[in-house]
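If you want the building blocks of each chain, they are given just below.
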Amino acid sequence: MSIVKHIPNTITCCNLLSGCVSIFLTCSNHLLGASAMIFVAAVFDFFDGFAARLLHAKSPIGAELDSLSDVVSFGVAPSFIIAALLNNTDITWMLAGINVFPMLAFVLAIFAAIRLAKFNIDTRQSSSFIGLPVPTVGLFIASLPFLLSNISNESCLYQIVTNPCLLLSLVVIFSWLMISEIPFFSFKIKNLKFKDNVLRYFVALFAIVALITLKWVALPFIFLFYIVISLICYRGE
């Protein structure tokens, strides 16, 4: 096999590396850097598939490697961020001298793994998704530190986002959505016709306007908007 055929898997490994670096940065209390690395992982996650199609280098091992990388970058790494946020709350469940309360965040990683395992054997998800995509969950959680770093610690929004009940609710809701049978649209565009891409263009327009007006604060609301629009308007293909 020529070296060109290894390019997609190399990009996938960069996705995995980005997720590992994110975990390390979270453990080093650099949440912004950890969040940024998840976004970097998303870039690699996009381009590995693009490269595989462009170079005609799709392979079974590539698909499995992609899912394994996504578990780390968009399941485990975001769970560490949630755990770090929970660790900064006043709630403590001590066991053998260790606060185990933040560890509830890792439920998210478990369901991300289940979601990706289902995706690998589900032939229905070629052009859309059944269940909330794991990268969407990871990117939403990665956007929270960006939001928190751009608002006052005394603001109502800051208190809401860092509330342990909300954080645990996110873990439960996202875990359920990932393994649900609810359809979510993808951003794979087969053509540029407006009638075939209404939801995609709508979300893209919202993202552009939100980023221009709110900048970094807009990030979690963009991903939340995608989720809500899918739940309300999308019925599958």
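For the structure itself, look to the data block above.
A brief structural summary. On a predicted model such as this, the values are computed, not experimentally measured, just so you know.

### Comments concerning the overall build of the chain
Next up, step 1: Along the chain, the regular secondary structure elements total nine helices and four strands.
Next up, step 2: Helices and strands appear in the chain in the N-to-C order α-α-α-β-β-α-β-α-α-α-β-α-α.
Next up, step 3: Each principal axis of the C-alpha distribution contributes one length, and for the chain these read about 50 × 40 × 30 Å.
Next up, step 4: Going through the 237 residues of the chain one by one, you find that 46% of them count as buried.
Next up, step 5: Within the chain, residue pairs in contact and separated by at least 24 positions form 73% of the contacts whose partners lie at least 6 positions apart.
Next up, step 6: Only carbon and sulfur atoms are counted for the fraction: they give 73% of the accessible area of the chain, which is about 12600 Å².
Next up, step 7: Averaging the coordinates of the 13 positive side-chain charges in the chain and doing the same for the 11 negative ones gives two points 12 Å apart.

### Some points on the packing of aromatic side chains
Next up, step 1: Scanning the model with the defined rule gives 13 aromatic pairs in all.
Next up, step 2: For the pair Trp 93 and Phe 101, a centre-to-centre distance of 5.0 Å together with 70° between the ring planes defines the contact as edge-to-face.
Next up, step 3: Taking the relative accessible area as the measure of exposure, Trp 93 reaches 45% and is therefore partly exposed.
Next up, step 4: Seen from their ring centres, Phe 146 and Trp 216 are 5.0 Å apart, and the 20° between their planes marks the pair as stacked. A residue pair is termed long-range when its members are at least 10 positions apart, and Phe 146 in helix α5 (residues 134–149) and Trp 216 in the loop between α8 (198–214) and α9 (219–233) qualify at 70 residues.
Next up, step 5: On the basis of relative accessibility, which here comes to 12%, the residue Phe 146 falls in the buried class.
Next up, step 6: Overall, the relative accessible area of 47% leaves Trp 216 in the partly exposed class.
Next up, step 7: Members of the aromatic cluster, connected to one another through ring pairs, are Phe 39, Phe 146, Trp 216 and Phe 223.

### Structural notes on the pattern of salt bridges
Next up, step 1: In this structure the tally under the stated criterion is one salt bridge.
Next up, step 2: Close ionic contact of Glu 181 with Lys 118 constitutes a salt bridge, the shortest N to O distance being 3.8 Å. Of this pair, Glu 181 sits in the loop between α7 (164–179) and β4 (183–185) while Lys 118 sits in helix α4 (residues 107–121), and the two are 63 residues apart along the sequence.

### Section: the side chain of Asp 70
Next up, step 1: For Asp 70, the location among the structural elements is in helix α3 (residues 60–87).
Next up, step 2: With near-sequence residues (within four places) excluded, Asp 70 lies in contact with Asn 15, Asp 45, Gly 75, Leu 116, Val 134 and Pro 135.

### Some thoughts on unusual backbone geometry
Next up, step 1: With a phi angle near 65°, Asn 29 is a residue other than glycine that sits in the positive phi range.
Next up, step 2: Within the fold, Asn 29 resides in the loop between α1 (7–27) and α2 (31–54).
Next up, step 3: Among the residues examined, Asn 29 registers a relative accessible area of 62% and is labelled exposed.
Next up, step 4: Here the phi dihedral of Ala 96 falls at roughly 55°; this positive angle occurs in a residue that is not glycine.
Next up, step 5: For Ala 96, a relative accessible area of 78% translates into the label exposed.

### Here's the deal with the nonpolar core
Next up, step 1: By size, the foremost hydrophobic cluster in this structure holds 53 residues, and its most contacted members are Ile 82, Leu 132, Phe 174 and Tyr 226.
Next up, step 2: Considering every element that reaches this core, the biggest residue donor is α3, with ten residues.
Next up, step 3: Contacts of Phe 174, omitting those with residues within four sequence positions, involve Leu 108, Leu 132, Val 137, Phe 140 and Ile 227.

### Structural notes on the packing of α3 against α4
Next up, step 1: Interaxial distance between α3 and α4 falls to 8 Å at its minimum, and their mutual angle equals 160°. In terms of their interaxial angle, α3 and α4 are classed as roughly antiparallel. In terms of crossing hand, the pair formed by α3 and α4 is right-handed. Contacts from Glu 64, Ser 67, Asp 70, Val 71, Gly 75, Val 76 and Ser 79 in α3 reach Leu 108, Ala 109, Ala 112, Ala 113, Leu 116 and Asn 120 in α4.
Next up, step 2: Taken together, the residues of the contact of α3 with α4 break down into seven nonpolar, four polar and two charged.

What counts as what
Residue numbers restart at each chain and count upward from 1, following the sequence in its written direction. The predicted origin of the model limits local features to residues at a pLDDT of at least 70 and limits the giving and counting of side-chain atom pairs to 80 or more, whereas totals for whole chains, interfaces and linings rest on all residues. Side-chain calculation: all heavy atoms of the structure are included, whereas hydrogens and water are not. Only DSSP runs of H or I covering at least 4 residues are called helices, and only runs of E covering at least 2 are called strands; the numbering of each starts at the N terminus. To sort residues, take the accessible area from a 1.4 Å probe on protein chains only and compare it with the maximum for the residue type: under 20% means buried, over 50% means exposed, and anything in between is partly exposed. In what follows, residue pairs with any heavy atoms lying within 4.5 Å of each other are defined as contacts. Surface accessibility in these figures is a Shrake-Rupley result with a 1.4 Å probe; residues are shielded only by whichever protein chains are displayed. Only four residue types enter the tally: Lys and Arg on the positive side, Asp and Glu on the negative side, with His and both chain ends excluded. Charge placement uses NZ in Lys and CZ in Arg. For Asp and Glu, CG and CD serve respectively. Pairing of aromatic rings covers Phe, Tyr and Trp, the last counted by its six-membered ring, and requires centre-to-centre distances within 6.5 Å; plane angles under 30 degrees mean stacked, over 60 mean edge-to-face, and any other angle means tilted. Only one rule defines a salt bridge in this text: a Lys or Arg side-chain nitrogen within 4 Å of an Asp or Glu carboxyl oxygen. Remark: nonpolar core denotes a set of buried residues (Ala, Val, Leu, Ile, Met, Phe, Trp, Tyr, Cys) joined through side-chain atoms within 4.5 Å. Axis lines are fitted through C-alpha atoms, for helices just across the contact stretch, and the angle between N-to-C directions can take any value from 0 to 180 degrees. Roughly parallel here means an angle under 35 degrees, roughly antiparallel means over 145, roughly perpendicular means 65 to 115, and every remaining angle is called oblique. Two helices cross in a left-handed way if the nearer one is turned anticlockwise from the farther one by less than a right angle. They cross in a right-handed way if the turn is clockwise. Ten residue types, Ala, Val, Leu, Ile, Met, Phe, Trp, Tyr, Cys and Pro, are classed as nonpolar, four, Asp, Glu, Lys and Arg, as charged, and the remainder, Gly among them, as polar.

It is worth stressing that arrangement in space is one thing and function is another; only the former is reported here.
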